[in-house]
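# Topology and contacts: notes
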Amino acid sequence: MPRGRMTHGQVLLTGILALTFGSAAAPAAAAAATPARATGAPAAPPPGWAGTWEAAPAVGLSGLSEVKSGHSVRNVAHVSLGGAAVRIRLSNRFGTAPLALGHVTVAVQASGANTPDAVRGTMRDVTFNRSRSATVPAGADVSSDPVPLIVRPDTDLLVTLYLPTVSGPVTTHPLAEQTSFFAVEGDRARDVAGTAYTGRTSRWYYLTGLDVVAPPARGSVVTLGDSITDGAASTAGANHRWPDFLADRLLAQPPARRLGVLNAGISGNRLLRDGGGFGVRALARLDEDVFSRTGVRSMVVLEGINDIQQTPHETDPAKIEAAYREVAARAHAHGIKVVGATILPFKGWQVYDQTLEATRLAVNEFIRTSGVFDTVVDFDAITRDPADPLRLRPAYDSGDHLHPSDAGYKAMANAVDLNRL
């Protein structure tokens, strides 16, 4: 190649960064173009950005945390949309002291299951207001400067954080259904080979969001939910949560019709109550987990089974229905479409009884007929057993009679009308 000529990838990167940042500046300058703010609502990104991945913060860990001072944590995140630059969101939402970020990097994960190795040539330093280190106040989130990196859709990224001092509680998402890694030997954030990453974890630490420069994609859809949205009982490491299958369907659309998928599911989460390590109740986390995310056009709401089946049981349908009305009204005030999802069958689950079932049936009737939502996806009808409609279809049952199997999750995603998102 003649000296000075750019490769096709470099031309693509320069063009998209020029579109995004308003000039054909060098990638290093573009990376510092958008300073981060350590607040609950990150700075609005330039046009062309969309959310591609989310993990809603669920709980703060103290003595139980695997992550200690001086560790490097390498989170694995499976993106939906691809793009020419990436922006990273980190959270100290459950911390009671400032979080020190000594060094943060992002890279493409090398092919092969459960590896902490990066693809050579993709390792990038991440900056915050042009600085490689940052401090995140207690209870706050921070978003990075844009990082030029070609990210292909439906791929895995490694987001590594060197943590010189961990004061805790450590903000985590417990049910990742994904193996991530940590090293105990200090700052290994730029390591391409993952040999130092001898620790394994099934949690995501501090990482709560990824955005990409993704024109002409339309934006993103948030799936707000509980363990069924979080992917409980799906095959770990396979990305077989129902939002993952939805992302696959959206990626098969023409580029201008694509949406990123942001999974805001938290196992055990409820609409009306906090507690038990199951995250802040849905009504209290809408701003952080839905409305502040990048390019959100629509949301799918699948919450309520834990209000019904967890102790204390909520058996008054009107209270759950009032929560749905509030979710929809607040989303509409932000210009976001709301898809209401009916609650799946759970006969055979350990606490099932006729009173709880009657509540579920009443709530589902409200979802279908109230007109509160812009549209409805009837997950109940899709997943129930024709021979016993109060149970999950056997092929869609993971075996615990509450959480779907991989096949059940795929059937749920297939039931979503992409034209209504």
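Only a predicted model underlies this, so the values are computations on that prediction, with no experimental measurement involved.

### A closer look at the packing of helix H7 (residues 317–333) against helix H8 (residues 354–369)
Close contact between H7 and H8 brings their axes to 9 Å; oriented N to C, the two are set at 35°. Taken as a pair, H7 and H8 cross one another with a handedness that is right-handed. Along its contact with H7, which presents Pro317, Ile320, Glu321, Tyr324 and Arg325, the element H8 presents Thr359, Ala362, Val363, Phe366 and Ile367. Grouping the amino acids of the contact of H7 with H8 by side-chain chemistry returns 7 nonpolar, 1 polar and 2 charged.

### Brief notes about the sheet that holds strand S18 (residues 259–265)
On the basis of which strands lie adjacent, the open sheet formed by 5 strands has the order S18-S17-S19-S20-S21 and parallel pairing. The open sheet has two edge strands, S18 and strand S21 (375–377), and neither has a second partner. Mean inter-strand twist for the sheet, computed between neighbouring axes without regard to direction, equals 25°. Relative to S18, helix H4 (residues 242–251) is tilted by about 175°, and along the sheet it contacts strand S17 (219–225), S18 and strand S19 (296–302).

### Quick notes on the packing of aromatic side chains
Per the counting criterion, the structure on display carries 5 aromatic pairs. When the ring of Trp242 is compared with that of Phe379, the centres are 5.3 Å apart and the planes differ by 65°; the resulting orientation is edge-to-face. Here the residue Trp242 occupies a position in helix H4, and Phe379 occupies one in helix H9 (residues 379–383), the gap between them amounting to 137 residues. Pair check on accessibility: Trp242 and Phe379 agree, each one buried. Residues Tyr324 and Phe366 carry aromatic rings whose centres are separated by 6.3 Å and whose planes lie at 10° to one another, so their mutual orientation is stacked. Here Phe366 lies in helix H8 and Tyr324 lies in helix H7, a separation of 42 residues in the sequence.

### Concerning empty space enclosed by the protein
By the definition in use, this model includes 2 cavities of 30 Å³ or more. Looking at the largest cavity, its volume works out to about 230 Å³. Lining the largest cavity are 22 residues, and of these Trp53, His78, Arg241, Asp244 and Asn263 lie nearest its centre. Of all the elements in the fold, those that place two or more residues in the lining of the largest cavity are strand S1 (49–54), H4 and S18.

### Describing the sheet that holds strand S13 (residues 180–183)
Judged by pairing direction, the sheet is antiparallel, and its 6 strands sit side by side in the order S7-S6-S11-S3-S13-S14 without closing on themselves. Edge positions in the open sheet fall to strand S7 (124–126) and strand S14 (199–201), since each of these has one partner strand only. Averaged over all pairs of adjacent strands, the angle between their axes in this sheet comes to 25°, without regard to strand direction. One ladder, built from 3 bridges, connects S13 with S14; its direction is antiparallel. Bridging from a neighbouring strand, Phe181 pairs with Arg200 of S14.

Reading the values: the criteria
- Along every chain, residues carry numbers that run from 1 in the direction the sequence is written.
- Where totals are concerned, whole chains, interfaces and linings use all residues; where local detail is concerned, this predicted model gives features only for residues with pLDDT of at least 70, and gives and counts side-chain atom pairs only at 80 or more.
- For the side-chain quantities, the full set of heavy atoms in the structure was used; hydrogens and water were omitted.
- Every angle, taken between N-to-C directions, lies between 0 and 180 degrees, and every axis is a line fitted to C-alpha atoms, over only the stretch in contact when it is a helix.
- Counting from the N terminus, the helices are the DSSP runs of H or I reaching at least four residues and the strands are the DSSP runs of E reaching at least two.
- Handedness of each helix crossing follows the sense of rotation of the near helix against the far helix: counterclockwise by less than a right angle gives left-handed, clockwise gives right-handed.
- Residues count as neighbours in contact if any of their non-hydrogen atoms are within 4.5 Å of one another.
- Three residue categories are used. Nonpolar comprises Ala, Val, Leu, Ile, Met, Phe, Trp, Tyr, Cys and Pro, charged comprises Asp, Glu, Lys and Arg, and polar comprises the others, including Gly.
- Two strands form a pair only when DSSP identifies at least two bridges running between them.
- Stacked, tilted and edge-to-face are the three classes assigned to paired rings of Phe, Tyr and Trp, where Trp is represented by its six-membered ring and a pair needs centres within 6.5 Å; plane angles under 30 degrees give stacked, over 60 edge-to-face, the rest tilted.
- Only protein chains enter the area calculation, which uses a 1.4 Å probe; residues under 20% of their type maximum are buried, those over 50% are exposed, and those in between are partly exposed.
- For cavity detection a 1 Å grid was placed over the protein atoms alone, and a set of points counts as a cavity when a 1.4 Å probe fits there but cannot get out; an open set counts as a pocket when protein lies on both sides within 12 Å along at least five of seven lines, with lining residues being those that have an atom within 4 Å of a point.
- Grid points are joined across faces, edges and corners, and a volume is the space filled by probe spheres set on the points.

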